[in-house]
Amino acid sequence: MTTFDLTVLLLILASLGWWLWRYIARTFSAKCPGSGCHSCNGCSKGGRPD
Amino acid sequence: MSPDESAALSFSDGTDLSSSDNSAFTIALIGNPNCGKTSLFNQLTGARQRTGNMAGVTVTSREGNCEWRGVEFHFIDLPGVYSLSNSRVEEKVARDYLIDSPPDLILNVLDASNLARNLALTTQLMEQGLPVVLALNMLDELEKQGHSVALGSLSESLGLPVLASDGRSKKYLPELLEQLLVVCRTEQCAEQGLHIEYEPHLEQAISELEALGIVRWMAVRWLESSGENDFNFDANQLSAAQSALALLGSRHDEDPAEMVAQGRYGYIHGLLHKSSSEHRDQSSADHWLDSIALNRWLGIPVFLGLLWLMFEATFTLGGYPADWIDTSVSWVGEQVASLMPESLLKSLLVDGLIAGVGGVLVFLPNVVLLFLFIALLEQSGYMARAAFLTDNLMSKVGLHGKAFVPLVMGFGCNVPAIMSARTIEEPRARLITILINPFMSCSARLPVYVLLAGIFFAEQAGTVLFALYMLGILVAFGVAAVLARTIPEQHDETFIMELPPWRMPSIRSLLLHVWDKAGDFLRKIGGVILVGSVLIWLLQSFPQNGTPWLEQLGHFVAPLFAPMGFGWQETVALLSGFIAKEVIAASLVVVYQTGMSDMAGLQAAMGESLAPASGLALMVFTLLYMPCLATIATIQRETGSWRWVGVSILMGLVLAWIGAWIVFNLASIWI
């Protein structure tokens, strides 16, 4: 594996970890319905991007 | 209210109301929930009110006083009710109050923007011969809807004073108080005794009870409640009433409550035809459409036929734009592959991002078409008729009539659908609606069905989609029936269904709806589906020497799914669907990529690897198995319990495994 590949891999892992942590935190947050707002019409915030 | 305000008022009948005396009158406010009754009560009594419980129960009522021209009015705010004949505690409280301690006058508050439904309660009060004055709230809402109501004409037809009122201001208060004073003093509308002519068999039953000394309104109310309203009949009367009820039951499929409602609404329709711009006679075309859509024998086949047509069109029409998107995605993939040197980044872009995201993006037209058809059914007024058709079946499996909307919303996304179950007040009915919602096939599962049906059942793909959605509904109803028998009901809840008129859907509104849903789908592709694809690609690509982690994981779990003929690829795809169901399709594209440049290559690879019976079982498993992460979070939030989340997950997994196994074995025989 080249240095470039290794850098790409580390970036992917960091991005995935950050995104998944944020997604799970938002999903189970009492303030936010389900997966955020993108698929929700449950409140006035519906339609607002994640 | 200052005395000066009333000084200028005079009355045509010459009644002298300006003189002060010590008389006091009790006036009860009654009306449907959310009609603005309590707001009007607050305007009438101001700060002079107290809260207490109705006799013997914990239903709260408020009382307050108001002095008008030297006369003391004692107002009682009764609980909001739709009817006086049901078993709900608020209705029993209001019914008992009006029988045991009738007030001097009843101020019936109505929501003018839902006049027909609100007048149903008025007819019950009038049948009972109670002195009633009508106050129409929310006339401004009615005007906003482009309609009007002639108060004079309505008053004349009913033979009751009908006045405008407004719970948000004191605008109509002097006029209303003067009218209450006139009616209390002159007893203008006492003993009205409205006589509605009901269906002949029902009239015969009423006459039989009247012959035994039961007053007409009690006979109607007793039959309407199927004997639940207790009027202390003697043994002879009770026996005759039960015989009359049994005879009625043997002559009609609909229960007496429906027959009484038909009579009442027939009377109300005639009334409003003269005084409301909203209630005009149905056109012959509308009447014909209703005669088909609501027909006892044709209604359900027409409903099923329309659903089949919807899925067939979703698959067939969606196939053309899906091919164009597929070609474009393949072209982009080829260009990127040819421009970039071999590296991990190239593999990520081509094999992970473009393959995974593109693999779901091609189903955008199918999703959009499904939403378009559902919106068409809703906006035309057909969906309300479908709710009416299925109401009987839903009540038999323990589902509340209000559950129809959350269940239909579940075809879009289970998250807002579960949240919309908040409209159901009764805890058991709400819990059942929440727990069965994941079985309503959400739009996220559509890409998986279209992909697999296109591979294994290309000629009957529409029928397969239709059968899957029907299976989801059947399982949902079956689970509801079981849950209804295991969870105790806390109280009954009234549901009144109003059929909207048939409407030609607005093109603009349809396009806006579809645009909104397409935006949701694209946002999801750019979020959770993209991340899911990258995750699957990562697990598929490492370690670079040896068996990939994804394959190792797949082989580890695969024995569980071996009885359905699933390979490790299907196993990992199902595991990834836990994040979001669309990721199943993205995962299948990523794990099956065998150098193919478009969907045709994937179809060929999957077609070789998987038997059609396994393909069908995979669709059934996708339909029934555990809810996605967002739905799980919503179930937890709405039920406030991890226990019900556990029940939902476990129930889904067990039913999915059993369902897929049965389908695989049956399909293996026939296919």
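Before reading on, note that the structure itself is shown above.
Parameters at a glance
Residues numbered from 1 in each chain as written. Chains lettered and ligands numbered in written order. Predicted model: local features only at pLDDT ≥ 70, side-chain atom pairs only at ≥ 80, totals over all residues. Heavy atoms only, no water. Phe/Tyr/Trp six-rings, centres within 6.5 Å; stacked < 30°, edge-to-face > 60°. Helix = DSSP H or I, 4+ residues; strand = E, 2+ residues; numbered from the N terminus. Buried < 20%, exposed > 50% of the residue type's maximum accessible area, 1.4 Å probe, protein only. Salt bridge = Lys/Arg side-chain N within 4 Å of Asp/Glu carboxyl O. Core = buried A, V, L, I, M, F, W, Y, C linked by side-chain atoms within 4.5 Å. Contact = heavy atoms within 4.5 Å.

Caption draft 1: Representation of the packing of aromatic side chains. In the structure shown here, the tally under the stated rule is 17 aromatic pairs over all chains. An angle of 15° between the planes, with centres 4.9 Å apart, marks the rings of Trp 19 of chain A and Tyr 23 of chain A as stacked. Within this pair, Trp 19 of chain A and its partner Tyr 23 of chain A are both found in helix 1 (residues 3-27), separated by four residues, close to a single helical turn. The class of Trp 19 of chain A is buried, set by a relative accessible area of 14%. With centroids separated by 5.9 Å and ring planes inclined at 45°, the aromatic side chains of Phe 73 of chain B and Phe 75 of chain B adopt a geometry described as tilted. Chaining the aromatic ring pairs together yields one cluster made of Trp 217, Trp 222, Phe 231 and Phe 233 of chain B.

Caption draft 2: Looking closely at the pattern of salt bridges. Residues and elements named next belong to chain B. In this structure the tally under the stated criterion is twelve salt bridges over all chains. With a shortest N-O distance of 2.9 Å, Arg 264 and Glu 127 are connected by a salt bridge. Taken together, the residues Arg 264 in helix 11 (residues 256-275) and Glu 127 in helix 4 (residues 115-127) connect sequence positions 137 residues apart. Residue Arg 264 is classed as buried on the basis of its relative accessible area of 4%. For Glu 342, the salt bridge is made with Lys 346, and the minimal N-O distance between the two is 2.7 Å. The class for Glu 342 is exposed, based on a relative accessible area of 69%.

Caption draft 3: Seen up close, the environment of Glu 228 of chain B. Residues and elements named next belong to chain B. Positionally, Glu 228 belongs in the loop between helix 9 (216-224) and helix 10 (235-251). Among the residues examined, Glu 228 registers a relative accessible area of 54% and is labelled exposed. C-alpha separation for the pair Glu 228 and Ser 85, spaced 143 residues apart in sequence, amounts to 8.2 Å.

Caption draft 4: Just the nonpolar core, in detail. All names here are of chain B. Judged by nonpolar contacts, the single largest core of 143 residues is most densely connected at Leu 399, Ile 436, Met 619 and Phe 621. Sorting elements by how many residues they give to this core places helix 21 (residues 461-486) first, with 16 residues. If sequence neighbours within four positions are ignored, Leu 399 has contacts with Met 394, Leu 407, Ile 432, Thr 433, Ile 436, Phe 477 and Ala 480. Among the nonpolar cores identified, the runner-up in size contains 56 residues, and Phe 231, Leu 248, Leu 271 and Leu 272 belong to it.

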